[in-house]
Amino acid sequence: MVRDDSLRFLPKVDLHLHLDGCVSPDTLAELAAQENVPLPAKDRAGLLPYMQVKDDCVSLKDYLTKFDFVLPLLQTGEALERVAYETVEQAARQRTMYLEVRFAPQLHRLRGMSAEETIGHVIGGLRRGEKDFGVKSRVIAICMRHHPERLNLEVIEAASAYLGKGLGAVDLAGDEASFPAHRFRSVFTLANRKSIPVTIHAGEAAGPANIREAVNRLGAARIGHGVRLREDPDLRSAIRNSRIPLELCPTSNLQTKAVSRWDDYPIRDYFEDGILVTVNTDNPTVSGTDMTTEYRILRERFGFTLRELGQLTLNGVEAAFLEPNEKKLLKKEIEQALPL
């Protein structure tokens, strides 16, 4: 049996990680104190129930309500930089060697920052984290499903200013069931015109039609989650043959009811079928997880061996939004660190 400390020291890649889902209760309490904002509790134990889902979470929509508690305190450049920096620090403790951190710029503008400024602050925090902890990172700017087209087009424009300067891609997130992917064609037409890579949340709270739309019409190079891909055999074959990566997040996928139980989770089936599967944390604080926990779940519930977990890490390298030379160097570094 693989020891837990072996899993912790296994090199990892996390491609699907939301900034506002990483905030620690201690940091939130300090940010609130600085802003003189009252909170229902001041310590970790008291705050965690407001920030973390319970077993009775019934849907993605229910899961997303936890972010409402945190977002009011992430409205300054200082707060964004701090949380981005701490996200890299947390990842380093799991021996994550490459990290892509996504956030929605329009959700952090209540104090007057522009979308472009919010991206700059998050990149600044990630770069400081990379310098201090040695974890390479990129930012992904999210367009929100419930936002009007005008705001999402602003995100694409802001993201284009940082392409190749710390930004890896743009994304679409939010209430997938209520806002299907086809509504956002014009937004991602602009992203494609500006040559910004695209990943789309799809096949989590709605069916494979959203995955098909994301790939064929929105230009998605990766799919966030994609759990329900199995419902469309032809699309599944196309995704496999095209080597379009899935950003699976096991703990989160169970909590949001993308699947109802672990024995119905398709990760082993996808992996053995040759689909380019990656494993990620999604929201460590909200889901109460980290990369080592995700790997332990795969080992204990799905029988993944140490070698197979290493392959998942290498899948993450292949899927990363990095330039080819950077990807080559990262792959070499990870291969040298794998105990295989």
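Quick caveat, the model's predicted, so the values are computed rather than measured.

Calculation notes
Residues numbered from 1 in each chain as written. Predicted model: local features only at pLDDT ≥ 70, side-chain atom pairs only at ≥ 80, totals over all residues. Heavy atoms only, no water. Helix = DSSP H or I, 4+ residues; strand = E, 2+ residues; numbered from the N terminus. Buried < 20%, exposed > 50% of the residue type's maximum accessible area, 1.4 Å probe, protein only. Contact = heavy atoms within 4.5 Å. Pairing = 2+ DSSP bridges. Axes fitted to C-alpha atoms, helices over the stretch in contact; angles between N-to-C directions. Salt bridge = Lys/Arg side-chain N within 4 Å of Asp/Glu carboxyl O.

Quick look at unusual backbone geometry
Positive phi is not limited to glycine here, since Asn36 has a value of about 55°. As for its placement among the helices and strands, Asn36 is situated in the loop between α2 (25–35) and α3 (44–51). Accessibility expressed as a relative area gives 70% for Asn36, which makes it exposed. A positive phi angle is found at Asp282, which is not glycine, with a value near 70°. The residue Asp282 is located in the loop between β8 (277–279) and α14 (284–287) in this model. Classification of Asp282 by relative accessible area gives buried; the value is 3%.

A word on the environment of Leu153
For Leu153, the position within the fold is in helix α8 (residues 149–160). The class for Leu153 is partly exposed, based on a relative accessible area of 24%. Residues Leu153 and Leu80, spaced 73 residues apart in sequence, show a C-alpha to C-alpha distance of 22 Å. In contact with Leu153, other than residues within four places in its own chain, are Ser186, Val187 and Leu190.

Some remarks on the sheet that holds β8
With respect to topology, 4 strands assemble into an open sheet ordered β5-β6-β7-β8, the strand pairing being parallel. Looking at strand neighbours, the two that pair on one side only are β5 (199–202) and β8, the edges of this open sheet. Taken pair by pair, the neighbouring strands of this sheet meet at an average axis angle of 30°, ignoring direction. Inspection of the sheet shows strand β7 (residues 246–248) paired to β8 by 3 bridges, in the parallel sense. Directly across from Leu248, in β8, lies its bridge partner Val279. Relative to the sheet, helix α16 (residues 306–319) contacts β6 (222–225) and β8, its axis offset from that of β8 by approximately 105°.

Things to note about the pattern of salt bridges
Counted under the stated rule, the structure contains 24 salt bridges. Between Glu86 and Arg82 there is a salt bridge, with the nearest N and O atoms lying 2.8 Å from each other. A residue pair is termed a helical-turn pair when its members lie 3 or 4 positions apart in one helix, as Glu86 and Arg82 do in helix α6 (residues 77–93) at 4 residues. The buried category is assigned to Glu86, whose relative accessible area is 16%. Residue Arg82 is classed as partly exposed on the basis of its relative accessible area, which comes to 21%. With a closest N to O distance of 2.9 Å, Arg268 and Glu308 form a salt bridge. You can see Arg268 sitting in helix α13 (residues 267–272) and its partner Glu308 sitting in helix α16, a full 40 residues away along the chain. Both residues of the pair, Arg268 and Glu308, belong to the buried class. Through salt bridges with shared partners, a single network forms among Glu100, Arg102, Asp171, Arg222 and Glu247.

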